[in-house]
Amino acid sequence: MKPSIYGLTREQLIAWAIDNGAKKFRATQIWDWLYKKRVQSFDEMTNIAKDFIAKLDDCFVINPLQQRLVQEAKDGTVKYLFELPDGMLVETVLMRQKYGLSVCVTTQVGCNIGCTFCASGLIKKQRDLTAGEITAQIMLVQKYFDERGLDERVSHVVVMGIGEPFDNYDNVINFIKTINDDNGLAIGARHITVSTSGLANKIREFAETGLQINLAISLHAPNNEVRTSIMRINRSFPLEKLFEAIDYYIKTTNRRVTFEYIMLSGINDRPQHARELVALLRDKKKLVYVNLIPYNPVSEHDQYTRSSKEDVLAFYDILKKGGINCVIRQEHGTDIDAACGQLRSKTMKNDAETASFDEKIKNDMYTQVIS
Ligand code: SAH
Ligand code: SF4
């Protein structure tokens, strides 16, 4: 199977071109065709010599994904089901925000972290996505808009789909460098957010990359007891270790950190938990902010339910009074299960026909099957 050329950063493409007897500017031209003109085949690169096109064709494909299904929700959120070259299936979500188009990408088929509230973790990791397969998700969403003649650009990216990005670290970093590149899609670093369940060693490594992108930590609990009960990863990286890494990240990058906190009724949403959270974050008030996230119920995890509005507001008030920056996250695409944490891995094609993706289709929703 040929790899996708989207998997090379610009530096890597330049190195590849030079290794193959071309000059640097040839790589720059190819990069331009890929990310500015967004061609779908090497043949369309009309200023590249035929023999070099043949070489590209021998070594790479452009787009490694096939679009299998698209669902559009009432609020404009679009969910895509993509097939990878080996038949596995992944989901990508586009959200329309006031500030632009934001895409949520998937980084692994399944997830080994196994948080007890999450739909993505129901399937053990089958494999990592390559950098090319992650970048291709952005390219296909952009194509969806290009083909409709809509002059809209993907301006924001969140790495919050299926998978633990820091368990596929190198591919995720290459993907970020590619979409951030000024000569290509040029998605600003401050418009890119990567979310991790808290792999402390990788948070340190990430701090040292110099990338100015946003880091979000899935915290979800203010103490080790509650966190371990819902997130197994807390056994390997308990709060003490996690916060050492976060402090190192803040010191090294001077950037703020976002904490994600799903509100689970009776589990982590009591006033006592809010007070513990204030105490945990007290020493870095100016440098953190907390996102309170409504829980999206997952039928396989029926021990969890969403916190009531009153409990969320009471929790929010305690954080605010404690001087912690805090927002209650707005939901997107709930009518098509496109909200964060609702994405499910689908390993084989057949699953696509049977899984919730199809079941949840509502009459008033635009649905298109592309084969
Ligand atoms: N693996 C990474 C990124 C993907 S999950 C991580 O855990 O951070 C993206 C976010 O969705 C995480 O904050 C995760 O905890 C949250 N999430 C998972 N299941 C959810 C659910 N059922 N409802 C709401 N959020 C959920
Ligand atoms: Fe994996 Fe993130 Fe889901 Fe946990 S919340 S199982 S880390 S995708």
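Residues numbered from 1 in each chain as written. Chains lettered and ligands numbered in written order. Predicted model: local features only at pLDDT ≥ 70, side-chain atom pairs only at ≥ 80, totals over all residues. Heavy atoms only, no water.

Caption draft 1: View of the site of ligand 2. Every residue lining ligand 2 is accounted for by Cys111, Ile113, Gly114, Cys115, Cys118, Ser120, Gly121, Gly163 and Ser197. Counted by class, the shell around ligand 2 contains four nonpolar, five polar and no charged residues. (Near = heavy atom within 4 Å. Nonpolar A, V, L, I, M, F, W, Y, C, P; charged D, E, K, R; others polar.)

Caption draft 2: Broad picture of the pattern of salt bridges. For the structure shown, the criterion picks out 20 salt bridges. The partner of Glu152 in a salt bridge is Arg96, with the nearest N and O atoms 3.2 Å apart. Remark: Arg96 occurs in strand β3 (residues 89-97) and Glu152 occurs in the loop between α4 (131-147) and β7 (154-159); sequence separation between them is 56 residues. The exposure class of Glu152 is partly exposed, given its relative accessible area of 26%. For Arg96, a relative accessible area of 33% gives the class partly exposed. With a closest N to O distance of 3.2 Å, Asp128 and Lys125 form a salt bridge. When its relative accessible area of 26% is taken as the criterion, Asp128 is described as partly exposed. Judged by its relative accessible area of 25%, Lys125 falls in the partly exposed class. The network of salt bridges with shared partners includes Arg38, Asp146, Asp151 and Arg153. (Salt bridge = Lys/Arg side-chain N within 4 Å of Asp/Glu carboxyl O. Helix = DSSP H or I, 4+ residues; strand = E, 2+ residues; numbered from the N terminus. Buried < 20%, exposed > 50% of the residue type's maximum accessible area, 1.4 Å probe, protein only.)

Caption draft 3: Focus on the domain arrangement of the chain. For the chain, the assigned domains are domain 1 (5-59) and domain 2 (66-349). In this structure, domain 1 and domain 2 have C-alpha centres spaced 33 Å apart. The junction of domain 1 with domain 2 conceals about 1,300 Å² of combined surface from both sides, 57% of it contributed by carbon and sulfur atoms. Considering only the surface of domain 1 that becomes buried against domain 2, Tyr6, Tyr35 and Arg38 emerge as the three largest contributors, covering 46% of it. The tally of links between domain 1 and domain 2 comes to two salt bridges. Arg10 serves as the salt-bridge partner of Asp181, at 3.0 Å between the closest nitrogen and oxygen. Between domain 1 and domain 2 we count four residue pairs in polar contact (both at pLDDT 80 or more) in total. Only α1 (10-19) and α2 (24-35) provide two or more residues apiece to the side of domain 1 that touches domain 2. Ranked by residues supplied to the side of domain 1 that touches domain 2, first place goes to α2 with three residues. Grouping the constituent residues of the side of domain 1 that touches domain 2 by class yields five nonpolar, four polar and three charged. (Domains from an automatic or database assignment. Buried area = accessible area lost by both parts, 1.4 Å probe. Polar contact = N/O pair within 3.5 Å; in protein donor to acceptor, adjacent residues only side chain to side chain.)

Caption draft 4: Main features of the UniProt feature "binding site: [4Fe-4S] cluster" (unreviewed entry) in the chain. As annotated by UniProt and renumbered to match this structure, "binding site: [4Fe-4S] cluster" (unreviewed entry) occupies Cys111, Cys115 and Cys118. Turning to its location among the elements, Cys111 is positioned in the loop between β5 (108-109) and β6 (127-128). The class of Cys111 is buried, set by a relative accessible area of 10%. Apart from residues no more than four positions distant in its own chain, Cys111 is found in contact with Ser120, Gly121, Ile123, Lys124, Lys125, Gly163 and Glu164. You can see Cys115 is positioned in the loop between β5 and β6. Taking the relative accessible area as the measure of exposure, Cys115 reaches 12% and is therefore buried. In this view, Cys115 contacts Ile230, Met231 and His301; residues no more than four positions away in its chain are not counted. (UniProt positions renumbered as here; feature names shortened; annotations may be inferred. Contact = heavy atoms within 4.5 Å.)

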